[in-house]
Amino acid sequence: MTIDKESLVKDLIDLVSEENIIFNDDQLKHYGLDPFNQTHKPFLVIKPSKISHFKRLNFILRRYKIESITPRGCGFGINLGAYSEDLIIDLTLLNQKIELDTQTLTVKVEAGVRYTKLQKILNENGYRLPIEPILDGTIGGFIATGGYGYGSYQFGSLMNLLRSTSIVLSNGQIIQSGNINTPPYSCGYNLNGLICGSEGYFGIITDAVLEITPIALESHNLLLKIPADVDLMPILSKLAIISTIHHISLYKGLIDTTQDSTNLLIRLEGPPEILEQDKSFIEAMPDITFSKYEMANKLWDNRILEPSHTPKASIIIEAIVPISTLSQFLKFWKIYNSPTFFGTLINPSSALLYTFFPPEIPNVETVMETFVEKSHKFQMHPPTIGHLIKKFVEQFHPNLEYLKRLKPIFDKIHRLKVRKLQF
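Anyway, here's the lowdown on the structure attached to this text. Just so it is clear, the structure is predicted and the values come from calculations on it, not from any experiment.

What follows concerns the packing of aromatic side chains. In this description, an aromatic ring pair is defined by two values, namely the gap between the centres and the angle between the planes. With the rule as written, the count across this model stands at 2 aromatic pairs. A centroid spacing of 5.9 Å and a plane angle of 75° characterise the contact between Tyr150 and Trp300, whose relative ring orientation is edge-to-face. Of this pair, Tyr150 sits in the loop between α5 (139–144) and α6 (152–155) while Trp300 sits in helix α10 (residues 293–301), and the two are 150 residues apart along the sequence. Take Tyr150: its relative accessible area is 1%, and that puts it in the buried class. Seen in terms of ring centroids, Tyr251 and Phe342 are 5.1 Å apart; in terms of plane orientation they differ by 55°. Their pairing is tilted. A residue pair is termed long-range when its members are at least 10 positions apart, and Tyr251 in strand β13 (residues 245–252) and Phe342 in strand β17 (residues 340–347) qualify at 91 residues. An identical accessibility class is assigned to Tyr251 and Phe342; each is buried. One cation-aromatic arrangement involves Lys5 over Phe43; the distance from NZ or CZ to the ring centre is 5.0 Å.

Right, let's talk about the pairing of strand β14 (residues 262–269) for a bit. Counted residue by residue, β14 has 8 buried out of 8 residues, so it is predominantly covered. Side-chain alternation along β14 places Thr262, Leu264, Ile266 and Leu268 on one buried face and Asn263, Leu265, Arg267 and Glu269 on a second face that is also buried. Where strand β12 (residues 219–226) lies against β14, 8 bridges are found, and the strand directions are antiparallel. Each residue of the ladder has a partner; that of Leu223, found in β14, is Leu265. Across 6 bridges, β13 lies against β14 in antiparallel orientation. Considered in β14, the bridge of Ser249 is made with Leu265.

Here helix α1 (residues 5–16) contains 12 residues, and its C-alpha end-to-end distance of 16 Å stays within 8% of the 16 Å for a straight helix at 1.5 Å per residue. Along α1, the residues that are buried comprise Leu8, Val9, Asp11, Leu12, Leu15 and Val16. Projection of α1 onto a plane perpendicular to its axis shows the buried side chains occupying an angular sector of 165°, all on one side. Seen from the open side of α1, the exposed residues pointing more than 90 degrees away from its buried face are Glu6, Lys10 and Asp14. Those residues of α1 hidden inside the fold are in contact with β1 (21–22), β2 (44–46) and α3 (53–63). Downstream of α1 by one or two residues, Ser17 has phi in the positive range, about 80°.

Definitions and cut-offs
Residues numbered from 1 in each chain as written. Predicted model: local features only at pLDDT ≥ 70, side-chain atom pairs only at ≥ 80, totals over all residues. Heavy atoms only, no water. Phe/Tyr/Trp six-rings, centres within 6.5 Å; stacked < 30°, edge-to-face > 60°. Helix = DSSP H or I, 4+ residues; strand = E, 2+ residues; numbered from the N terminus. Buried < 20%, exposed > 50% of the residue type's maximum accessible area, 1.4 Å probe, protein only. Lys NZ or Arg CZ within 6 Å of the ring centre and 35° of its normal. Pairing = 2+ DSSP bridges. Expected span 1.5 Å × (residues − 1). Arc of directions from axis to C-beta. Contact = heavy atoms within 4.5 Å.

Here it is in structure tokens:
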């Protein structure tokens, strides 16, 4: 069936006003580029500013038989979750509600609120969201793409702080995926676990309730330099016993492009006397040198990156890699022009890595085919499941089997009626 786009646009304008509909090619260019410099052409973009818009939006999309949509925040998704040829629902105008509850140590926030805006308000009141995204995207996008970042080493993913989310399902129904008064670590089913990391596949996040913590009273930042010929595994194993570590980042080629060494940015938080002991323990470790504290502090203060600060690349690999296979993973990529990488340890045994390849890398397709063939040796997997399901589920048999086992459960709760989110 051919969609009457002109009539559809008119109905959508009646819903959200003309300035919140993007439908001509020039305007769609902003939504049609991704970090790989590939281009897509979205069908059109709608920017709802109220949760009440979604119910009528559902009727409109059903009437015109729009079969698939893609929810989007700021569009910083490395693995193309935010880039699509579908009708895109841009949630960045859903950004007004921030309700702080100091009694329950929670904050309710709309999906389109930017992280830095939320953190600023929390900091002014003496609190913080202890897990921070690498890029300053929306809270909804941070949840949908897995919720890993700074602080994950101590607190895990954002799912561990997620009390509740409001979700628009494929049938237009709005449900709450958790209970505000029930902590994530309580026993029983946790539907937030389906939402966090699903890239909008099971529904559109409109708001969320997150746990917060008081601002750390005492902290130290350390920047370690590790020569290229030194194995990272023993060093990371020694660091794993330190209780005051809040975060560990790995850098290569981002701090000093002339060196082949790996840098570790370590954030310590805790009681002053224990911090001093742990700091002395790290400084006494062999095979590493320390940068000035001013540099470590500056790096921490500028930890939330702008997309323009990331290296230009023809390929960006995003993966969770076990520490036990990290050396193999990096050694495999080293032969391809020593690519730049950045990562965060999400726990003592796993790292979330972004590996950037220069635009001039030859035979990109062959390199990727070789990587896919050998990737099982690294035991790596993507941090989200939404993109895998939508794009690659038929190519990766284990994930297809996983989906088959879960599908009856999703069907019962209206999460997965078809392979694409449909209205």
